[in-house]
Amino acid sequence: MGYAFISYSTQNQAYADAMRELFQRHNIDTWMAPYDIPGGSKYAAVITKAIRNCSCFVLLLSNDSQASEAVDSEVELAALTFKKTIITVEL
């Protein structure tokens, strides 16, 4: 079975950690930076691969995530490049 990729602004770290914990309590595997990025890896390459291989993409939507270039890039990869299902959670 696949995993849910969690995309969020670091300004919303506590919410992202809570979402990850909730999923894990319900036996749903997750992928979330920085926890799942191996030391010494190139962030962009690892994140691209993680989005490509995820079962769904969870966007934690906030003013901060809407202002984040990193989140914007992740959403673009998920939606346009890899045609992933995007689940939006408004904070």
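In what follows, the structure referred to is the one given above.
Residues numbered from 1 in each chain as written. Predicted model: local features only at pLDDT ≥ 70, side-chain atom pairs only at ≥ 80, totals over all residues. Heavy atoms only, no water.

## Let's talk about the overall build of the chain
- Helix and strand counts for the chain stand at four helices and four strands.
- Against the globule reference of 12 Å for 91 residues, the chain gives a C-alpha radius of gyration of 12 Å, in line with a compact fold.
- Seen through its principal axes, the chain has C-alpha atoms that stretch 30 × 30 × 25 Å.
- Every one of the 91 residues in the chain was classed for burial, and the buried ones make up 37%. (Helix = DSSP H or I, 4+ residues; strand = E, 2+ residues; numbered from the N terminus. Rg over C-alpha atoms; globule rule 2.2 N^0.38 Å. Buried < 20%, exposed > 50% of the residue type's maximum accessible area, 1.4 Å probe, protein only.)

## Considerations on the side chain of Ser9
- Within the fold, Ser9 resides in the loop between strand 1 (4-7) and helix 1 (13-25).
- Taking the relative accessible area as the measure of exposure, Ser9 reaches 6% and is therefore buried.
- Not counting chain neighbours up to four residues away, the residues in contact with Ser9 comprise Asp64, Ser65 and Val71. (Contact = heavy atoms within 4.5 Å.)

## Some details on the packing of aromatic side chains
- Under the counting rule described, the total for this entry stands at two aromatic pairs.
- Judged by centre distance (5.0 Å) and plane angle (5°), the ring pair of Phe5 and Trp31 falls under stacked. Residue Phe5 is located in strand 1, and its partner Trp31 is located in strand 2 (residues 30-31); the two are separated by 26 residues in the primary sequence. In this structure, Phe5 and Trp31 share a single accessibility class: buried.
- An angle of 5° between the planes, with centres 5.3 Å apart, marks the rings of Phe5 and Phe57 as stacked. Residue Phe5 is found in strand 1, and its partner Phe57 is found in strand 3 (residues 56-61); the two are separated by 52 residues along the sequence.
- For Phe5, a relative accessible area of 1% translates into the label buried.
- Here the aromatic cluster, defined as three or more aromatic residues joined through ring pairs, consists of Phe5, Trp31 and Phe57.
- In this structure, Arg20 is placed above the aromatic ring of Tyr35, and the distance from its NZ or CZ to the ring centre is 4.3 Å. (Phe/Tyr/Trp six-rings, centres within 6.5 Å; stacked < 30°, edge-to-face > 60°. Lys NZ or Arg CZ within 6 Å of the ring centre and 35° of its normal.)

## So, the pattern of salt bridges
- Under the definition given, this model contains one salt bridge.
- Between Glu21 and Arg25 there is a salt bridge whose closest N-O contact spans 3.0 Å. Of the two residues, Glu21 and Arg25 both sit in helix 1, four residues apart, roughly one turn of that helix. (Salt bridge = Lys/Arg side-chain N within 4 Å of Asp/Glu carboxyl O.)

## Concerning helix 1
- Here helix 1 contains 13 residues, and its C-alpha end-to-end distance of 18 Å stays within 8% of the 18 Å for a straight helix at 1.5 Å per residue.
- Burial in helix 1 covers these residues: Ala16, Met19, Arg20 and Phe23. Buried residues in helix 1, looked at end-on, bunch into an arc of 100°, giving them a common side. Turned more than 90 degrees off the buried face of helix 1, the exposed positions are Ala14 and Arg25.
- Buried residues along helix 1 sit against strand 1, strand 2, strand 3 and strand 4 (86-90).
- Note on helix 1: the residue one or two positions beyond its end, Asn27, has a positive phi of about 60°. (Expected span 1.5 Å × (residues − 1). Arc of directions from axis to C-beta.)

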